[in-house]
Amino acid sequence: MLKRGNVHPVLATVLKRLGLGLFTWLMVSVIIFASITMLPGDFTEAVLGQAATKETIVAFRKELGLDQPAIVRYGEWLLGVAQGDFGTSFSGRAASGQDRSRLVMDLVAPRLQNTLFLAGITAIIAVPLALFLGLTTALYRNSLYDRIVNAVALTTISMPEFFLAYILILLLASLWPILPSLANVNTEMALPERLIRIALPAMSLTLVIIAHMMRMTRAAVINLLALPYVEMARLKGATRTAVIMKHVLPNAWAPIATVIAFNLAYLVVGVVVVEVVFVYPGIGQLMVDAVTSRDIPVVQACALIFAVTYILLNLIADIIGIITNPRLLHPR
Amino acid sequence: MNNNSQAYSATAEVASVRLRRSRWDRARVTLGKAPRSAWFGMIVFAIYLFIALFAPWLAPFDETQVFVTPFASWDATHWFGTDQIGRDVLSRLIYGARNTMGIALATTLLSFAIGGSLGIMAAINRRLLDQILSRSVDVLMAIPSLIFSLMLLSIFGSSIPNLIIIIAVLDSTRVFRLTRAVAINVVVMDYVEAARLRGDGLWWIMRHEILPNITPPLIAEFGLRFCFVFLTIAALSFLGLGIQPPTADWGSMVRENANLIQFAQFDIKAGLTPLLPAGAIALLTIAVNFIVDWFLHQTSGLRDDH
C-alpha cells in the first residue's frame, strides 16, 4: 500500500498526467457532442426529406432527444458511448417514417478493425526501419549514405500523402503491375492475401511517418555522441556498436519513444487520406463518406475514436518520457 | 581643397564610414550570401506567384470551359490533355495556382490575426485571460486538425468562406502557442513597463512595443503554417470536402484525374496527368520550406563559420 506523501515522484507525475488526459478527453467529448446542437434547426427535414410528415419529424426529434435540455442529452450520450452505443445512423431514413437505418456501432466496428490492421502493419514495418536508419545515419554521419537518406526523408516530409501514394501506384501497380492498386479487403480473405492487398497503402503510410522518426532518432543520438561520457567510453576501448548500444541508447530512449508515439498519432490522420486513395474499407473512408452525406452520428463516432486514439498515444508518449527519465526515477 | 580634388581628406573618409547602408543594399548583401537551396526556393515561389497573379492572361482557356473529348491525350492544343468532363488541364493548373494559393494565404493571414493578437494579449494579461485561452487551446489541439475540420465541415457545409474560417480557427491554436511563448519574454522588458507607466493602451503596447520584437520567429512560422494550411486544404479538396467544383483546385484535380493512372502502361503521359497537380503542391511546399530554413538560419544569428 502506498501512503500519501510517500508516493514515488514518478507515480505522482504519471497520475497527474493521466488526470489531465482524462480531463482533455472529457472536454473533447463535450465539443464533439456540441457539434450536433450547432446544426441548423431544419436538419430533420434535410435528413427525412421534404415530404416528411409532422408526426415523423416529431418522432425523429424525440428519438434524438431534442425535446430535452442539452445537458441531459449529453449525459445520456456519454453513458451510451461508454457502453459502446453511438446511436443510429441518419442514412436509411425515409419521409414516410419507415426506418431502415443501422446502428452506428455496426457500421464502425468492422471498419475500425480494418484500420487497426493497416495501422498495425505499418507500425511494425516503420518503427524498426526508422530506428535502424536513424542509428546508422548518426553513426556514419556526413557520409554519402547519411546525405542520401536525409535528402529522401526531407523530400517525403514536405509532400502530401496522396502524392506519395499515387507515385507508388504509378510505379508499382500501373507501370510494373506487381501489386494491386485497390485495397479492397474483406474478412473472408486469408492473411497472405490481405497482406498483399494492403502492401501499397502500408508502404505509403510508412513513407509518410518514417522521415520524422528517423530524423529525431538521428538528432537524439548525435546530441549524445558529443557528450564527454561517450568520449570516455570510446577512450577506454569500447567498440562502436558497444558505445551505441550500451552507452548512448539508454539515454536516447525517452526522446525516441516520444517521437515514435507522436508519429503513430500522426498515422491516425494520415490514414484518412491514404484509405481514400486506395479505397480501403477503413474508418477514415467511413468518416469521409459520412461527412459528405452529413450523417452526423457516424461523424461523431469516428471523430471520437480518432481523438481518443490521438490523445491516448500522446499520453503514452508523455508517460514514457517521464518514466524513462533517470533523473526522475532516482530522486535524491 | 577646391583646386586639388585628388588631395587626401581624412574627414571624407571617416564620414563615408558613417554612411549607413540603405535597406536595399542590405537586402542585396544578404541575398548574395543566400545558399543555393534558398535561391531555388525563392525562384520557384516567384514563378508560382507570377502564375497566380497573371492566371487569366497565361491560361490558354478558361478554367470552366468544356471541350468535346473528355480525357483527351496530350497534344498541341491541350498541352496536358483534358479532364473527366473535357476541361483543359493546363488552364486548370494555372487557375488552380491562383485559387489554391489564394485561399491558403487568406487562411494563414486570418489564423495569424486571431492567434497572434490573442497570443500577445495572453502574454500581457497573465491572469484569467491567459488561463482561459491556454486551456481551451490545449483542448482544441488534442483533436487532430484534419479530423476536427472534417467534423466542422459536416456541420456547417463546405463553402470557401466556411473552409477559410474553420481552418484558420483550428490553425490559430498553433500560432497562439508560439506567439504567447515568444511574447512572454518581451513583456517583462523594461521598455514595456515604461510604456505601461506612460499610460499606453493595450493595443498600442501590442502593436508598437511587442510586435516589432517578435517579428522574425513569426515570419518563419508564417511560412511553415502556410505550408501546413496549404497541405490541409489540398487534402480536404482531395477528399472532396474542400474547394468545390467547378473552381479549379489542385487537390480536387488529383482526385478527378486519378483514374487515368491505370492507363500509364499504354500512355505514360496520361498516367502523369494526375501527378501534375500533386507535384505542383509538393514543389511549392518544398520551396517554402527551403526559404524558411534559410530565413531561420539568418535571423537566429547562427553562422556557418564556427
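Residues numbered from 1 in each chain as written. Chains lettered and ligands numbered in written order. Predicted model: local features only at pLDDT ≥ 70, side-chain atom pairs only at ≥ 80, totals over all residues. Heavy atoms only, no water.

Peer 1: Sorry, what's going on with the interface of chain B and chain A here?
Peer 2: Where the parts come together, the accessible area they lose is often given as the size of the interface. With 41 residues of chain B at the contact, the number on the chain A side is 39 residues. Of the roughly 3,500 Å² buried at the junction of chain B and chain A (both faces included), carbon and sulfur atoms supply 84%. Scanning the region where chain B abuts chain A turns up zero salt bridges. Our enumeration of links across chain B and chain A arrives at zero residue pairs in polar contact (both at pLDDT 80 or more). Elements that contribute at least two residues to the side of chain B that touches chain A include exactly α6 (128–141), α7 (145–156), α11 (215–238), α12 (250–257), α13 (268–272) and α14 (275–299) of chain B. Broken down by class, the residue content of the side of chain B that touches chain A amounts to 31 nonpolar, eight polar and two charged. (Contact = heavy atoms within 4.5 Å. Buried area = accessible area lost by both parts, 1.4 Å probe. Salt bridge = Lys/Arg side-chain N within 4 Å of Asp/Glu carboxyl O. Polar contact = N/O pair within 3.5 Å; in protein donor to acceptor, adjacent residues only side chain to side chain. Helix = DSSP H or I, 4+ residues; strand = E, 2+ residues; numbered from the N terminus. Nonpolar A, V, L, I, M, F, W, Y, C, P; charged D, E, K, R; others polar.)

Peer 1: How should the nonpolar core be read in this particular structure?
Peer 2: For soluble globular proteins, the rule of thumb is that nonpolar side chains tend to be buried together. Residues A:Phe162, A:Tyr166, A:Val272, A:Val277, A:Met287, B:Phe238 and B:Trp250 are the most contacted members of the largest nonpolar core, which totals 141 residues. Looking at which element gives the most residues to this core, the answer is helix α11 (residues 240–277) of chain A, with 18 residues. (Core = buried A, V, L, I, M, F, W, Y, C linked by side-chain atoms within 4.5 Å. Buried < 20%, exposed > 50% of the residue type's maximum accessible area, 1.4 Å probe, protein only.)

Peer 1: Whenever I open this one, helix α5 (residues 89–124) of chain B confuses me. Can you help?
Peer 2: Residue pairs three or four apart in sequence face the same way in an α-helix, which turns once every 3.6 residues. For α5(B), built from 36 residues, the straight-helix expectation of 52 Å at 1.5 Å per residue is met to within 8% by its first-to-last C-alpha distance of 51 Å. A bend of about 30° at B:Gly96 is the largest found in α5(B). (Expected span 1.5 Å × (residues − 1). Bend = angle between axes of the 7 residues up to and from the residue.)

Peer 1: Just to check I follow, could you spell out the domain arrangement of chain A for this structure?
Peer 2: Residue and element names in this part refer to chain A. For chain A, the assigned domains are domain 1 (2–94) and domain 2 (109–320). Taken together, the contact between domain 1 and domain 2 spans 20 residues of the former and 15 residues of the latter. Between domain 1 and domain 2, a total of about 1,600 Å² is buried, with carbon and sulfur atoms accounting for 76% of that surface. If you sort the residues of domain 1 by the area they bury against domain 2, Arg17, Ile32 and Phe86 come out on top, with a joint share of 33%. Where domain 1 meets domain 2, there are one salt bridge. Here Asp318 and Arg17 are joined by a salt bridge, their closest N and O atoms 2.5 Å apart. Our count for the contact surface shared by domain 1 and domain 2 stands at two residue pairs in polar contact (both at pLDDT 80 or more). Of all the elements in the fold, those that place two or more residues in the side of domain 1 that touches domain 2 are α1 (9–37) and α4 (70–82). (Domains from an automatic or database assignment.)

Peer 1: What exactly am I supposed to notice about the side chain of A:Thr137 here?
Peer 2: If you trace the backbone, A:Thr137 turns up in helix α5 (residues 104–139). In terms of polar contacts, A:Thr137 uses its side chain to reach the backbone carbonyl oxygen of A:Leu133, at 2.7 Å.

Peer 1: Help me understand a nonpolar patch on the surface in this model?
Peer 2: All names here are of chain B. A surface patch of nonpolar side chains, amounting to about 650 Å² of accessible area, comprises Leu49, Phe50, Leu53, Phe54, Trp57 and Leu58. Breaking the nonpolar patch down by element, the ones donating at least two residues are α3 (36–53) and α4 (55–58). Here the nonpolar patch gets three residues from one element, more than from any other, and that element is α3. Note that Leu53 resides in helix α3. (Patch = residues over 30% accessible without salt bridge, like charges linked within 9 Å, V, L, I, M, F, W, Y side chains within 5 Å. Areas by Shrake-Rupley, 256 points an atom, 1.4 Å probe, with all protein chains shown as cover.)

Peer 1: Help me understand the packing of α7(B) against α11(B), please; the structure alone is not making it clear to me.
Peer 2: Think of two packed helices as two axes; the pair is described by the angle between the axes and how far apart they sit. Residue and element names in this part refer to chain B. Look at α7 against α11: their axes get within 11 Å of each other, and the N-to-C directions meet at 50°. Here α7 is positioned oblique relative to α11, judged by the angle of their axes. Relative to α11, the crossing made by α7 is right-handed. Between α7 and α11, the contacting residues are Ser145, Leu146, Ser149, Leu150 and Leu153 on the first element and Phe228, Thr232, Ala235 and Leu236 on the second. Of the residues that constitute the contact of α7 with α11, the class distribution is six nonpolar, three polar and no charged. (Axes fitted to C-alpha atoms, helices over the stretch in contact; angles between N-to-C directions. Parallel < 35°, antiparallel > 145°, perpendicular 65-115°, else oblique. Left-handed = near helix turned anticlockwise from the far one by under 90°.)

Peer 1: Looking at this model, I keep getting lost on the pattern of salt bridges. Mind explaining?
Peer 2: Opposite charge on two side chains lets them pair, provided their charged atoms get close. Residues and elements named next belong to chain B. All told, the structure shown has nine salt bridges over all chains when counted by the stated rule. The closest approach of N and O atoms between Asp138 and Arg177, which form a salt bridge, is 2.5 Å. In this pair, Asp138 is assigned in helix α6 and Arg177 in helix α8 (residues 160–187), connecting sequence segments 39 residues apart. Within the structure, one salt-bridge network assembled from shared partners comprises Arg135, Asp138 and Arg177.

Peer 1: Would you mind going over the confidence of the model for chain B with me for this structure?
Peer 2: In low-pLDDT segments, the atomic positions of the prediction should not be examined closely. Residues and elements named next belong to chain B. Here chain B averages 81 in pLDDT, while 91% of its residues score no lower than 70. The least confident element of chain B, judged by mean pLDDT, is helix α1 (residues 10–18) at 61; the most confident is α8 at 90. Contacts for the low-pLDDT stretch residues 302–306, under 50 throughout, to residues beyond four places or in other chains number four contacts. (pLDDT = per-residue confidence, 0-100.)

Peer 1: Mind showing me how you'd approach the side chain of B:Thr108 here?
Peer 2: Residue and element names in this part refer to chain B. By secondary structure assignment, the location of Thr108 is in helix α5. Taking relative accessible area as the criterion, Thr108 reaches 0% and is therefore assigned buried. When residues no more than four places from it in sequence are discounted, the contact partners of Thr108 are Phe222, Arg225, Phe226 and Val229.

Peer 1: Hey, could you run me through the packing of aromatic side chains in this one?
Peer 2: Aromatic ring pairs: the centre-centre distance and the angle between the two ring planes describe each pair. Residues and elements named next belong to chain B. Under the defined criterion, the tally for this structure stands at nine aromatic pairs over all chains. On the numbers, 5.9 Å between centres and 20° between planes, the contact of Phe226 with Phe230 is stacked. With Phe226 and Phe230 both in helix α11 and four residues apart, this pair spans about one turn of that helix. Members of the aromatic cluster, joined through ring pairs, are Tyr48, Phe226, Phe230 and Trp250. (Phe/Tyr/Trp six-rings, centres within 6.5 Å; stacked < 30°, edge-to-face > 60°.)

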